[in-house]
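Here is how the chains run, residue by residue.
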Amino acid sequence: MPRIEGPAELDQLESLLGFVTGFLQERGARPDRIPGIQLAVEEALVNVFNYAYPDGKGVVELRIDTQEDGDIVLEIVDWGVPFDMVSAPEPDLNEDVDHRKVGGLGLVLIRKMAKKVRYLREYQQNKLTLIFDGRA
């Protein structure tokens, strides 16, 4: 599985997304699907950058591959604070904007863009797996 690892810092976002984009283009992903995948990955990475390592710098790893059915499997791994976005409640989008709690919209976006979202915490790692429909 192709992978890239780097500091969990916002200035690494362009490089990490470039890795994902390059893989998708290399594997012949439909051009109209690439922006949605990029956006979901960006939201997940920014969550890691902002919340996984409250006491200092950390590392993030991306792994990406395709399955036999053509689906794209992307894993985001960090060694930070546990956070299971799969179990996190969605914000109430019907609530008045002035009264709604800040945050959570990225989670809604990720869940909407990905075909499947899985979270696993093992060996002091957070593993967020996003599966995107790769069919034409």
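All figures in this text were calculated on a predicted structure; none of them were measured in a lab.

Visitor: Residue-level account of the overall build of the chain, with values.
Guide: Of the regular secondary structure elements, the chain holds 3 helices and 5 strands. The helix and strand sequence of the chain, counted from the amino end, reads β-α-α-β-β-α-β-β. Every one of the 136 residues in the chain was classed for burial, and the buried ones make up 41%. Sequence separation of 24 or more characterises 64% of the internal contacts of the chain that already satisfy a separation of 6 or more.

Visitor: Please set out the pattern of salt bridges residue by residue, giving values where relevant.
Guide: According to the stated counting rule, one finds 9 salt bridges in the structure shown. Between Arg30 and Asp32 there is a salt bridge whose closest N-O contact spans 2.4 Å. Using a relative accessible area of 32% as the deciding quantity, one classes Arg30 as partly exposed. Two residues, Glu61 and Arg63, come together in a salt bridge whose shortest N-O distance is 2.5 Å.

Visitor: Give a detailed account of the sheet that holds strand S1 (residues 3-7), specifying residues and quantitative values.
Guide: Read from one edge of the open sheet, 5 strands run S1-S2-S3-S5-S4, paired in antiparallel fashion. Across the chains shown, the open sheet's two edge strands, defined by having one partner strand only, are S1 and strand S4 (116-122). For this sheet, the mean inter-axis angle between neighbouring strands, taken without regard to orientation, is 15°. Two elements, S1 and strand S2 (residues 59-66), share 5 bridges in a ladder whose sense is antiparallel. Counted as the bridge partner of Glu5 is Glu61 from S2. Running over the sheet, helix H2 (residues 34-52) touches S1, S2, strand S3 (72-78) and strand S5 (125-132) and is turned about 10° from S3.

Visitor: Run through the pairing of S4, naming residues and quoting values.
Guide: Pairing analysis gives 7 bridges linking S4 to S5, with the strands arranged antiparallel. Bridge assignment links Lys116 to a residue of S5, and that residue is Ile131. Hairpin remark: S4 followed by S5, antiparallel, with 2 residues in the connecting loop; positive phi at Tyr123, about 50°.

Visitor: Account for helix H1 (residues 13-26), with residues named and values stated.
Guide: For H1, which comprises 14 residues, the first-to-last C-alpha distance of 20 Å matches the rise-based estimate of 20 Å (1.5 Å per residue) to within 8%. Listed in full, the buried residues belonging to H1 are Leu13, Leu16, Leu17, Phe19, Val20, Thr21, Phe23 and Leu24. Looking one or two places after H1, you find Gly28, whose phi comes out positive at around 80°.

Visitor: Explain the environment of Leu13 residue by residue, including any values.
Guide: With respect to the helices, strands and loops of the structure, Leu13 is situated in helix H1. Note on Leu13: relative accessible area 12%, which makes it buried. Expressed as a C-alpha distance, the spacing of Leu13 and Val41, which sit 28 residues apart in the sequence, is 9.7 Å. Apart from residues lying up to four places away in sequence, Leu13 is in contact with Glu42, Leu45, Val46 and Phe49.

Conventions and cut-offs
- Residues numbered from 1 in each chain as written.
- Predicted model: local features only at pLDDT ≥ 70, side-chain atom pairs only at ≥ 80, totals over all residues.
- Heavy atoms only, no water.
- Helix = DSSP H or I, 4+ residues; strand = E, 2+ residues; numbered from the N terminus.
- Buried < 20%, exposed > 50% of the residue type's maximum accessible area, 1.4 Å probe, protein only.
- Contact = heavy atoms within 4.5 Å.
- Salt bridge = Lys/Arg side-chain N within 4 Å of Asp/Glu carboxyl O.
- Pairing = 2+ DSSP bridges.
- Axes fitted to C-alpha atoms, helices over the stretch in contact; angles between N-to-C directions.
- Expected span 1.5 Å × (residues − 1).

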